[in-house]
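Take a look at the letters that make up each chain.
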Amino acid sequence: ALSSTCAPMVRGNAKVKSQAKRLKRLEAERKSQKKDPKAKEKARMAGFRFICPECKQSLANLKVALEHFYARHPKSSLPTDWQRRKEEVEADKRAIEDEKRRKKKEAEDSKKRSFAIKACLRSFYEEHAPDKAGNIDKIMKKYDGKWGKLEAALEKSYGDKAPRIVKAAENAVN
């Protein structure tokens with residue numbers, strides 16, 4: 001019989017460390033999947049094996065499976081689960097492309113707005129407060145994205161003379 005003064009089981013500590021390490025690795029994988037749009041697709045496809053219904057060959061991924069099926073079995077119709085998976089992949093690709101286009105347009109519109117606001121501020125300050133014309137970049141940085149707040153501050157300071165920068169920005173985009 002062992003006495004109660006024995007050291008704790010080594011396997012117990014190793015098991016706890018192993019579990020902590022595994023959780024840390026899984027968390028890192030989840031974070032990388034959020035950043036990488038293709039990682040989500042890879043994770044989804046990882047458990048899905050393609051087996052050709054005609055020749056029972058095991059295939060690694062959808063691309064290989066489609067190439068195999070069209071080359072080896074041209075007269076047969078594509079299996080419904082493969083067709084569904086193909087449509088899902090194509091839909092995901094379209095969604096990613098749409099998101100890229102939307103972000104690109106958003107960035108272009110933001111540049112146009114900033115340029116129009118800067119031009120509006122420059123002309124206003126050159127006419128009404130030439131000493132502040134050199135601070136336009138600083139003002140633009142301070143109020144970046146908060147153009148309504150800037151317009152309100154200008155109205156408070158200059159009254160009816162203040163420029164309508166929000167309207168100028170919207171006109172630049174449209």
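Attention in this report is confined to the structure presented alongside it. Quick caveat: nothing in here was measured; it's all calculated off a predicted structure.

### Notes on unusual backbone geometry
Piece 1. Of note in this structure, lysine 56 is not a glycine but carries a positive phi near 60°.
Piece 2. A residue is classified by how much of its surface remains accessible, and lysine 56, at 61% relative accessible area, is exposed.

### Some points on the packing of aromatic side chains
Aromatic ring pairs are described here by two measures, namely the spacing of the ring centres and the angle between the planes.
Piece 1. This model, assessed by the stated rule, comprises four aromatic pairs.
Piece 2. Both rings, one in phenylalanine 69 and one in tryptophan 82, keep their centres 5.6 Å apart while their planes meet at 70°; by these two values the pair is edge-to-face. Linking phenylalanine 69 in helix H3 (residues 62–72) with tryptophan 82 in helix H4 (residues 80–128), this pair joins segments that are 13 residues apart in sequence. Accessibility assignment for this pair places phenylalanine 69 and tryptophan 82 in one class, buried.
Piece 3. Ring plane angle 85° and centroid distance 4.9 Å describe the contact between phenylalanine 124 and tyrosine 158, whose orientation is recorded as edge-to-face. With phenylalanine 124 in helix H4 and tyrosine 158 in helix H6 (residues 147–158), this pair connects stretches of sequence that are 34 residues apart.

### Topic: the packing of H4 against H6
Piece 1. Across the interface, H4 lies against H6 with an axial gap of 13 Å and an inter-helix angle of 10°. Taken together, the axis directions place H4 and H6 in an arrangement best described as roughly parallel. Across from Ser114, Ile117, Leu121, Phe124 and Tyr125 in H4, the residues of H6 making contact are Trp147, Leu150, Leu154 and Tyr158.
Piece 2. Taken together, the residues that form the contact of H4 with H6 break down as eight nonpolar, one polar and no charged.

### Focus: the pattern of salt bridges
Piece 1. By the definition in use, this model includes nine salt bridges.
Piece 2. Arginine 85 is paired through a salt bridge with glutamate 88; the nearest N and O atoms lie 4.0 Å apart. Taken together, the residues span about one helical turn, with arginine 85 and glutamate 88 both in helix H4 at a distance of three residues.
Piece 3. For arginine 85, a relative accessible area of 13% puts it in the buried group.

About the thresholds
- Residues numbered from 1 in each chain as written.
- Predicted model: local features only at pLDDT ≥ 70, side-chain atom pairs only at ≥ 80, totals over all residues.
- Heavy atoms only, no water.
- Buried < 20%, exposed > 50% of the residue type's maximum accessible area, 1.4 Å probe, protein only.
- Phe/Tyr/Trp six-rings, centres within 6.5 Å; stacked < 30°, edge-to-face > 60°.
- Helix = DSSP H or I, 4+ residues; strand = E, 2+ residues; numbered from the N terminus.
- Axes fitted to C-alpha atoms, helices over the stretch in contact; angles between N-to-C directions.
- Parallel < 35°, antiparallel > 145°, perpendicular 65-115°, else oblique.
- Contact = heavy atoms within 4.5 Å.
- Nonpolar A, V, L, I, M, F, W, Y, C, P; charged D, E, K, R; others polar.
- Salt bridge = Lys/Arg side-chain N within 4 Å of Asp/Glu carboxyl O.

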